[in-house]
There are 2 protein chains.
Amino acid sequence: MSIKLYDLVGKDHSRPFSPHCWKVRMALAHKNLSYETVPTSFTEVRAVEGGASKIIPVIRDGETVVSDSFAIALYLEHTYPDRPTLFGGQGGESMARFIERWSLATIHPFIGSAVLMDIHECLEPVDQAHFRKTREARFNKPLEEVPVGRDEKLEAFRASLAPLRSTLAEQPFIGGVTPLFCDYIVFGALQWARVVSTYGFLASDDPVAVWFERCLALHEGIGASVPAAA
Amino acid sequence: MSIKLYDLVGKDHSRPFSPHCWKVRMALAHKNLSYETVPTSFTEVRAVEGGASKIIPVIRDGETVVSDSFAIALYLEHTYPDRPTLFGGQGGESMARFIERWSLATIHPFIGSAVLMDIHECLEPVDQAHFRKTREARFNKPLEEVPVGRDEKLEAFRASLAPLRSTLAEQPFIGGVTPLFCDYIVFGALQWARVVSTYGFLASDDPVAVWFERCLALHEGIGASVPAAA
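Residues numbered from 1 in each chain as written. Chains lettered and ligands numbered in written order. Predicted model: local features only at pLDDT ≥ 70, side-chain atom pairs only at ≥ 80, totals over all residues. Heavy atoms only, no water.

Identification of chain A as Glutathione S-transferase family protein from Tianweitania aestuarii is taken from an unreviewed UniProt entry.

And the structure:
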């Protein structure tokens, strides 16, 4: 029986956009595990698996329900140890946590603000209302004002990727010669941006952009299979 | 025959201060390898092992000479695989590189500027002249002006440690339940600051400071064995 992935979508179910769900899609593909996705809108999340989690991704694997992308990756690693590794050992499990926290602190705030209206445009009206209410409470301003000033912050955003850029001068993936879950952590954030927005977060000659293209092609191109926003 | 570590010092040979040499000291202790240090001043570096490297640390292990702290850690890992691991697997080797680049991009520039005059004070006159010449060329200003403004930048520096702080809310070390080389990478930078300067880089209740205290106590307290600058 294949694994069930509850995957965040808007109006177009063929364009999943959640960064955290993308991490899990890539992890499932990396492990060569068969899975089916359950397209899930913002307002449907609370009903997933009887209220298993306030956020998705959530997976069901037989009798087991797991939420949180990092917890799911660890679950897959330990449940399917004979499949390709997602962490490359215990040290990688611990250090991937650091990379997750770096991505959340460095990449997510800028992208999340810059594409807020783009996400809103992707949603059904009932989800738009939910999105507006929760995000306006989080940012403490009207939705439309959140992306304002993104152009002025773009250079600092690109500069903040220096540790990643410098790492990629040493090795093709954060995980080394081949990708690991740590790559999917950062990929998920940039794929989120790519699927919902035409905004140019990266210069095309940035080594980070070149690495991102490599990630889009992984696992029979599941990342690239969703066209960029146009 | 014990490993020889060329270790950067100033006037007081009992107070080694190089962040990169501290990484290697901790790595040698972690592997339970016996070593002797060769106190080496800035102007003596070029003569080390017949000009093996422009910078230290350099180690000699029998017939093998290795320079660069990360290369040394990898050498120790693969030469002494039966000793406690420094990386916790291949994934850890690759992800530790990211943590090195993060530390170099995030921690080193602020500490390096803030303590520049403190380092200068630690040196013999001949090394002071060398240090002034090379650093004034690098910073393109008089040595005395480099630390100016550190108080205004301190808050942003502390904020930039968010990914580390957040990781330490999940696990006691960056390497997980026990420390790995990735911990020594960041430890080295903060130990550099601690040995040369009384400046308060971290608030005492910062989880990063609490982790740093844990690192000072590791391996029979070799970090703490050098008293903080007073």
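Having seen it, we continue.
Colleague: Honestly, the sheet that holds strand β4 (residues 64-67) of chain B in this entry has me stumped. Any pointers?
Modeller: Each strand in a sheet pairs with another by means of backbone hydrogen bonds, the pair being arranged parallel or else antiparallel. Residue and element names in this part refer to chain B. Reading across the sheet, the four strands line up as β2-β1-β3-β4 and stay open at both edges, with mixed pairing between neighbours. Both edges of this open sheet fall to β2 (35-40) and β4, since each of them pairs with a single strand only. Adjacent strand axes in the sheet meet at a mean angle of 20° when their direction is disregarded. Of the strand pairs in this sheet, strand β3 (residues 58-61) and β4 are connected by four bridges, and their pairing is antiparallel. Considered in β4, the bridge of Val 58 is made with Ser 67. Along the sheet, helix α1 (residues 19-30) contacts β1 (3-8), β2 and β3; its crossing angle with β1, the most-contacted strand, is approximately 150°. On the sheet, helix α2 (residues 69-79) packs against β1, β3 and β4 and is oriented at approximately 140° with respect to β4. (Pairing = 2+ DSSP bridges. Helix = DSSP H or I, 4+ residues; strand = E, 2+ residues; numbered from the N terminus. Axes fitted to C-alpha atoms, helices over the stretch in contact; angles between N-to-C directions. Contact = heavy atoms within 4.5 Å.)

Colleague: Help me understand the relation of the copies chain A and chain B in this model?
Modeller: One copy of the chain maps onto the second through a rotation around an axis plus a translation along that axis. Laying chain A over chain B is done by rotating through 180° and shifting 0.0 Å along the axis; what remains is an RMSD of 0.0 Å. In short, the pair behaves as if placed about a two-fold rotation axis. Here 100% of the interface residues in chain A have copies in chain B that are interface residues too; the copies meet face to matching face. (Least-squares fit on C-alpha atoms with pLDDT ≥ 70 in both.)

Colleague: Got a minute to help me understand the side chain of B:Ser94 in this structure?
Modeller: The topology assignment puts B:Ser94 in helix α3 (residues 90-106). At a separation of 3.0 Å, a polar atom in the side chain of B:Ser94 contacts the side chain of B:Gln90. When residues no more than four places from it in sequence are discounted, the contact partners of B:Ser94 are A:Gln171, A:Ile174, A:Gly175 and A:Gly176. (Polar contact = N/O pair within 3.5 Å; in protein donor to acceptor, adjacent residues only side chain to side chain.)

Colleague: Teacher, can you tell me more about helix α9 (residues 181-196) of chain B here?
Modeller: Working note: α-helix, 3.6 residues per turn, so residues spaced by three or four point in the same direction. Over its 16 residues, α9(B) runs 23 Å from end to end, which matches the ideal 22 Å to within 8%, given 1.5 Å per residue. The largest bend in α9(B) comes to about 25°, at B:Phe187. (Expected span 1.5 Å × (residues − 1). Bend = angle between axes of the 7 residues up to and from the residue.)

Colleague: Sorry if this is basic, but what is going on with the sheet that holds strand β4 (residues 64-67) of chain A here?
Modeller: Residue and element names in this part refer to chain A. Strand order in the open sheet formed by four strands is β2-β1-β3-β4, and the pairing between neighbours is mixed. The open sheet has two edge strands, β2 (35-40) and β4, and neither has a second partner. Averaged over all pairs of adjacent strands, the angle between strand axes in this sheet comes to 20°, irrespective of strand direction. Bridge analysis of strand β1 (residues 3-8) against β2 gives six bridges, and the strand direction is parallel. From the neighbouring strand, Leu 5 faces β2, where its bridge partner is Thr 37. Each of β1, β2 and β3 (58-61) touches helix α1 (residues 19-30); the most contacted strand, β1, lies at about 150° to it. In this fold helix α2 (residues 69-79) packs onto β1, β3 and β4, with an angle of close to 140° to the strand it touches most, β4.

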